[in-house]
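# Structural description and commentary
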4 protein chains.
Amino acid sequence: MNGIVFLIQSRDQKGLVARISTFFYERGFNILNCQQYTDTIESRYFMRVMLDPSTLSTSRQDLEMDFTEFAHQFEMKWSVHYPDVLQRVAIMVTKASHCLYDLLLRQREGELECTIPVIISNHTDLRHVADQFHIPFVHFPISAETKSMQESKLLALLKEHDIDLIVLARYMQVLSSSFIESFGYGIINIHHAFLPAFQGANPYRRAWERGVKMIGATAHYATSDLDEGPIIDQDVERVTHESLPEELSRIGRDIERIVLARAVKSHLEHRVIVNGRRTILFT
Amino acid sequence: MNGIVFLIQSRDQKGLVARISTFFYERGFNILNCQQYTDTIESRYFMRVMLDPSTLSTSRQDLEMDFTEFAHQFEMKWSVHYPDVLQRVAIMVTKASHCLYDLLLRQREGELECTIPVIISNHTDLRHVADQFHIPFVHFPISAETKSMQESKLLALLKEHDIDLIVLARYMQVLSSSFIESFGYGIINIHHAFLPAFQGANPYRRAWERGVKMIGATAHYATSDLDEGPIIDQDVERVTHESLPEELSRIGRDIERIVLARAVKSHLEHRVIVNGRRTILFT
Amino acid sequence: MNGIVFLIQSRDQKGLVARISTFFYERGFNILNCQQYTDTIESRYFMRVMLDPSTLSTSRQDLEMDFTEFAHQFEMKWSVHYPDVLQRVAIMVTKASHCLYDLLLRQREGELECTIPVIISNHTDLRHVADQFHIPFVHFPISAETKSMQESKLLALLKEHDIDLIVLARYMQVLSSSFIESFGYGIINIHHAFLPAFQGANPYRRAWERGVKMIGATAHYATSDLDEGPIIDQDVERVTHESLPEELSRIGRDIERIVLARAVKSHLEHRVIVNGRRTILFT
Amino acid sequence: MNGIVFLIQSRDQKGLVARISTFFYERGFNILNCQQYTDTIESRYFMRVMLDPSTLSTSRQDLEMDFTEFAHQFEMKWSVHYPDVLQRVAIMVTKASHCLYDLLLRQREGELECTIPVIISNHTDLRHVADQFHIPFVHFPISAETKSMQESKLLALLKEHDIDLIVLARYMQVLSSSFIESFGYGIINIHHAFLPAFQGANPYRRAWERGVKMIGATAHYATSDLDEGPIIDQDVERVTHESLPEELSRIGRDIERIVLARAVKSHLEHRVIVNGRRTILFT
């Protein structure tokens, strides 16, 4: 069930549930769902409220002005999301097709509510997948020399397509800190290891060398610190001494697919709030 | 963190979060945690609120009288639980020691907040375990002929010990419907299969015969319908064609231990509300 | 690594490993892998041997004649499979696309070594998927009245395409016993529940009604007894009281996909031997 | 089912299965189980053979002399283990009781076939557990100054008790390289993290700081490189943003218990062969 979602955070203080829920109650809203979390260490309060959109009795603008004023007295940070405003997602890939196919199929099946106006790659290998799904494919080769210039063009392209979220679906180029900061919205990356183990390149080979008995994947927000961004979801699968790196890589594809899809779904449903190096994930 | 817990349910109606949270806010309470669930099919509302006990400014009796009046207008069913009132748990066993040991150790480690004033068994095999932990052990042999009489005595014993919760930790006798209804509080049973598969006797043997690739265990509230009570928790473990019934039984012991402990912990922390044949489990 | 695979079974008797491995050693073979299992209850022996194909020094026909003679003295049942002989798989579907897409993508990625010469459906909804992958799509509507006639035509079609394996990838028609017996090779079905729980129709709704805390899927060989065939693989996922039947169905899609793909892969790699109601699965 | 176990390794060469199995066949042995693994990268062959002890027709000494000669021609490294020779295990602990209790209970239930002649600790907190199970408890306080001297005494104690395996069941002192090398047999440690993530101290706190969504535990052979020894088993459990370090530590206890028990069981059943930095685990 979809609703109007408010994500709210502030310093912890008495009466927040009562005050916030009363705000909505007095305006005739039916609260479909309400989740909260208090970070007792940082003394910080987080809330996700989902309202029945059919009980909105004013304009959206009025609601937002009203809430702005209300939020001011508690020094809240907040955002509001309407169910009929689909987010626009750009998928960036290199050569591996499994995550790309998975995201496209889930979007088609209605599991990921978003539009995907563009697929971007530093190679052309996956153009046929974009074609299969009738989505524009943009080839953006990037080398060390051209990185800065190409990233500027990339930003322009993302702006032109009005992109809300970038999903790095096994995109094997490292984006520059300045690009990541410029984009400023959300970038979700899938790392093919159970972070913080095996940060960086070739995690499956290094997992094999270390002789681990489980391998994993991690979906996280990209930050300027490579593989250090807030983790959204992780999962693992059991492996044995018989699994060579190639086999680990094959087993890993299923984990990557599922972990990335779950993270993107949580983000699109406004279930994730970043809290420093950690995420709060309302399930 | 422990607090005063209110479990509340009523038919769904607008403004419940606001009204309930305001009730507590107006009385000076700090809400530590607040979870809710709306059963949209039955149109029924469920809430678990945890309050900071240091913010209770009246007597418990006054709080309860106050809330009784408040709850009346919404036709709420509710209960309140104070952190300093430890529940009293009777553990019933037959011959298998693994769940018994596990519960006793977790209670000692502070993971299960309760007292265990008595261990009851239809055999004497586990008396030494009760002795190891200095807990009274009562031998209650039950046969088809003596069942009715023995169950009456059992009820008296439970009453004498002021028992709040019975845990059937691999107790292999079937309790009569009338006993279960007479006790009327909570009885948690561990069934050594992934219900509803393999209800009844010898689930590991039948799992082996059927050639399943995973076995499981299920903790549920006992009802007069054998193995049909509301499920609190379940888990499974992978097995192979090499696992004979005895091996399944050994693997199963770990699943039983963990599933039963989790269910008992959830119950003791007032995280479970029975909703028809299902449970709501606030995590 | 692919090799020539022998699957062997016989009544248990002393010296089988030695005799069989010596057979291959004397003919110059390098054994890449050798797994065995003794069913001590039925006193039956099972073996999977994988040979390095580059060490085959005779014709395949000579090898098979030779082994026939050798096997005779031990009353073995056996089969041999060469890595360059791809199995031919027919996929049967109804309306749900997730398993179909998954199998096609895995086949394209080289994870499932087989050819897929035809996709068969009792509806036309998934014709576009077959088209996307350039695979012939045959529409085979079946009603109670036409079942017998249509199944005869179906058998003819399968024969024409020289099909080795039928995969029922969420095919929602029940095949007749006579069809299943006529085909006589392998038919793998995915059931959207953790068998033997929730056999038959609407398993996700029934799982919800029962209030289970995990849902599952089961891949098994189809037999004339519906949902009673030997299980190849199963898996489960945790769910909560918040998951309505539609949500269970969505969560279940991922389990179905993965369980079916694993079972088909095991079958294609000749890792499965049926042993009565159970399967032996060499991993 | 227990048998005489041979663990064998050599450089890979043609005919090893045939030659080894024939060796046993010719001496009248019934092979109960035979598993092998070829490390194709290092070109190394590993085998675990389990023989029916009732088919041993010579003295053990003769069998071993015979096999020594046989093994010589293939340059095999090997060991043989008889089911009636129980291994002698010393458990070392500090203050946490959960792994200690778990190991003792499993040994009592017959799941871990070994004797436990001594429990050693650098503190006295767990003396009562040793007392409960009537096992000698030795207090061995170790400080930086006394380490070298105390470890010498410890070695003498282990020798006196004829110890085959040391289990570090949450023993919080770092053993010196020279001690580990002197002992020279097996030392199994449980690390309370999913190695190689969070090596070293305070892994649960660091897991919380990093915001991981799963925590784990790792059982490995201790080597002079802290937390770098060959991994025997690992497992993980899902956690949420609500889990503070103390809660992670509580959840982790169950993972530690189970992972350590599985690793010790595999070792006692001679299912583990160390292969460089990795282990081969015959299941």
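Basis of the calculations
Starting afresh in each chain, residues are numbered from 1 along the sequence in its written order. The naming scheme follows written order: chains are lettered A onward, ligands numbered 1 onward. Residue-level local features of this predicted model are given only where pLDDT is at least 70; pairs of side-chain atoms are given and counted only at 80 or more, and the full residue set underlies all totals for whole chains, interfaces and linings. In computing side-chain properties, one takes all heavy atoms of the structure into account and sets aside hydrogens as well as water. Paired strands are those between which DSSP finds at least two bridges. For helices the rule is a DSSP run of H or I covering at least 4 residues; for strands it is a run of E covering at least 2, with both sets numbered from the N terminus onward. A fitted line through C-alpha atoms represents every axis, and for helices the fit uses only the stretch in contact; the resulting angles, taken between N-to-C directions, go from 0 to 180 degrees. Two residues form a contact once any of their heavy atoms are found within 4.5 Å. Salt-bridge detection follows one rule: a side-chain nitrogen of Lys or Arg within 4 Å of a carboxyl oxygen of Asp or Glu. Residues are grouped as follows: Ala, Val, Leu, Ile, Met, Phe, Trp, Tyr, Cys and Pro are nonpolar; Asp, Glu, Lys and Arg are charged; every other residue, Gly included, is polar. Each angle gets one of four labels, with under 35 degrees taken as roughly parallel, over 145 as roughly antiparallel, 65 to 115 as roughly perpendicular, and the rest as oblique. A residue counts toward the fit only if its pLDDT is at least 70 in both copies, and the copies are then superposed by least squares on the C-alpha atoms of those residues. The term buried area refers to how much accessible surface (probe radius 1.4 Å) is lost by two components on association, counted for both of them together. Aromatic rings from Phe, Tyr and Trp, taking only the six-membered ring of Trp, are treated as a pair when their centres fall within 6.5 Å; an angle between ring planes under 30 degrees marks them as stacked, one over 60 as edge-to-face, and anything in between as tilted. Only protein chains enter the accessibility calculation, which uses a 1.4 Å probe; a residue whose area is less than 20% of its type maximum is buried, one above 50% is exposed, and one in between is partly exposed. Placement of a charge over a ring requires the Lys NZ or Arg CZ to be within 6 Å of the ring centre, with the centre-to-atom vector within 35 degrees of the ring normal. In this description, a disulfide is simply a cysteine sulfur pair whose atoms lie within 2.5 Å. The definition of a nonpolar core used throughout is a set of buried Ala, Val, Leu, Ile, Met, Phe, Trp, Tyr and Cys residues joined through side-chain atoms within 4.5 Å.

Moving on: the sheet that holds strand β9 (residues 186-191) of chain A. All names here are of chain A. Here 7 strands make up an open sheet; going across it, the order is β7-β6-β5-β8-β9-β10-β11 and the pairing mixed. Of all strands in the sheet, those with a lone pairing partner are β7 (137-139) and β11 (231-238), marking the two edges. Along the sheet, successive strands turn relative to each other by an average axial angle of 20°, direction set aside. Here β9 runs beside strand β10 (residues 214-221); their pairing, made up of 4 bridges, is antiparallel. By the bridge assignment, isoleucine 188 is partnered in β10 with tyrosine 221. Packed onto the sheet, helix α5 (residues 147-160) meets β5 (87-93), β6 (114-121), β7 and β8 (165-168) and runs at close to 160° relative to β6. Sheet strands in contact with helix α8 (residues 245-268) are β5, β6, β8, β9, β10 and β11, and its direction is about 30° off that of β10.

Counting residues at the interface gives 20 residues for chain C and 20 residues for chain A. For the pair chain C and chain A, the number of links is 8 salt bridges. A salt bridge links Glu111(A) to Arg250(C); its shortest N-O distance comes to 3.3 Å. Looking at the side of chain C that touches chain A, the elements that each hand over two or more residues are α3 (98-108) and α8 (245-268) of chain C. Residue contributions to the side of chain C that touches chain A peak at 7 residues, all from α8(C). Grouping the amino acids of the side of chain C that touches chain A by side-chain chemistry returns 4 nonpolar, 5 polar and 11 charged.

On to the packing of α8(A) against α8(C), then. Two numbers describe how α8(A) lies on α8(C): the axes approach to 13 Å, and their chain directions differ by 170°. By the criterion of interaxial angle, the relationship of α8(A) to α8(C) is roughly antiparallel. Seen from α8(A), the contacting residues are Arg250(A), Asp254(A), Ile258(A) and Lys265(A); seen from α8(C), they are Arg250(C), Asp254(C), Ile258(C) and Lys265(C). Of the residues contributing to the contact of α8(A) with α8(C), the split by class is 2 nonpolar, no polar and 6 charged.

Right, let's talk about the relation of the copies chain C and chain A for a bit. Of the transformation placing chain C onto chain A, the axial shift is 0.0 Å and the rotation is 180°, giving an RMSD of 0.0 Å. Here the copies are linked by what is in effect a two-fold axis. Taking C-alpha positions as reference, the residue of chain C nearest the rotation axis is Gln132(C), located at 3.3 Å. When the interface residues of chain C are mapped onto chain A, 100% of them again lie at the interface, so the same face is used by both copies.

Attention now moves to the relation of the copies chain D and chain A. Both copies of the chain are placed relative to one another by a rotation about an axis and a shift along it. Of the two same-sequence chains, chain D is brought onto chain A (RMSD 0.0 Å, axial shift 0.0 Å) by a rotation of 180°. With an isologous cut-off of 70% or more, the 97% of interface residues of chain D that recur at the interface of chain A puts this contact in the isologous class.

The next point concerns the interface of chain D and chain A. Each side of the interface is counted separately: chain D has 36 residues, and chain A has 35 residues. A combined buried area of about 3,300 Å² lies between chain D and chain A, and 58% of that area is made up of carbon and sulfur atoms. Among the residues of chain D in contact with chain A, Arg210(D), Lys213(D) and His241(D) are the three that bury the most area, contributing 24% of the side total. Measuring nitrogen to oxygen at the nearest pair gives 3.7 Å for the salt bridge that ties Glu228(A) to Arg210(D).

As a further point, take the packing of aromatic side chains. Using the criterion set out here, one finds 58 aromatic pairs over all chains in the structure. Ring geometry for Tyr37(C) versus Phe46(C): centroids 6.3 Å apart, planes at 25°, classification stacked. When sorted by exposure, Tyr37(C) lands in the same class as Phe46(C), which is buried. In this arrangement the basic side chain of Arg27(D) is found over the ring face of Phe23(D), its NZ or CZ atom lying 3.7 Å from the centre.

This brings us to the sheet that holds strand β3 (residues 44-51) of chain B. Residue and element names in this part refer to chain B. Taken in spatial order, the 4 strands of this open sheet run β2-β3-β1-β4, and their pairing is antiparallel. Only two strands of the sheet have a single neighbouring strand rather than two, namely β2 (31-39) and β4 (77-81). Here the average twist between neighbouring strands, direction ignored, is 10°. Note: strand β1 (residues 4-11) against β4, 5 bridges, orientation antiparallel. Each bridged residue has a counterpart across the sheet, and for isoleucine 8 the counterpart in β4 is tryptophan 78. Contacts from helix α1 (residues 16-26) reach β1, β2 and β3, with the element oriented near 25° to β3. Sheet strands touched by helix α2 (residues 60-72): β1 and β4. Its angle to β4, the strand with the most contacts, is close to 160°.

Turning our attention to the state of the cysteines. Put plainly, two cysteines are in a disulfide when a covalent bond ties their sulfur atoms together. In this structure the tally under the stated criterion is 0 disulfides over all chains. Of all cysteine sulfurs, the one in Cys114(C) lies closest to Cys99(C), which takes part in no disulfide; the gap is 15 Å.

The tally for this structure, following the rule as stated, stands at 85 salt bridges over all chains. The closest approach of N and O atoms between Asp102(D) and Arg106(D), which form a salt bridge, is 2.7 Å. Here Asp102(D) and its partner Arg106(D) are both found in helix α3 (residues 98-108), 4 residues apart, which amounts to about one turn of the helix. Here the two residues Asp102(D) and Arg106(D) agree in accessibility, since each one is buried. What emerges from the salt-bridge pattern is a single network uniting Asp102(A), Arg106(A), Glu109(A), Glu111(A), Glu247(C), Arg250(C), Arg253(C), Asp254(C) and Arg257(C).

All names here are of chain A. Burial of the side chains of strand β13 (residues 278-281) extends over both faces: Arg278 and Ile280 are buried on one face and Thr279 and Leu281 on the other. Pairing geometry for strand β12 (residues 272-275) and β13, over 4 bridges, is antiparallel. Its bridge partner being in β13, isoleucine 273 is matched across the sheet by isoleucine 280. What sits between the antiparallel neighbours β12 and β13 is a turn of 2 residues, in which glycine 276 has the positive phi angle 70°.

Okay, the nonpolar core next. Among the nonpolar cores identified, the biggest contains 194 residues, and Ile91(A) and Ile91(C) are the most heavily contacted of them. The contact partners of Ile91(C), leaving out residues within four places of it in the chain, are Leu100(C), Leu103(C), Leu104(C), Ile116(C), Val118(C), Ile119(C), Ile120(C), Val167(C) and Ala169(C).

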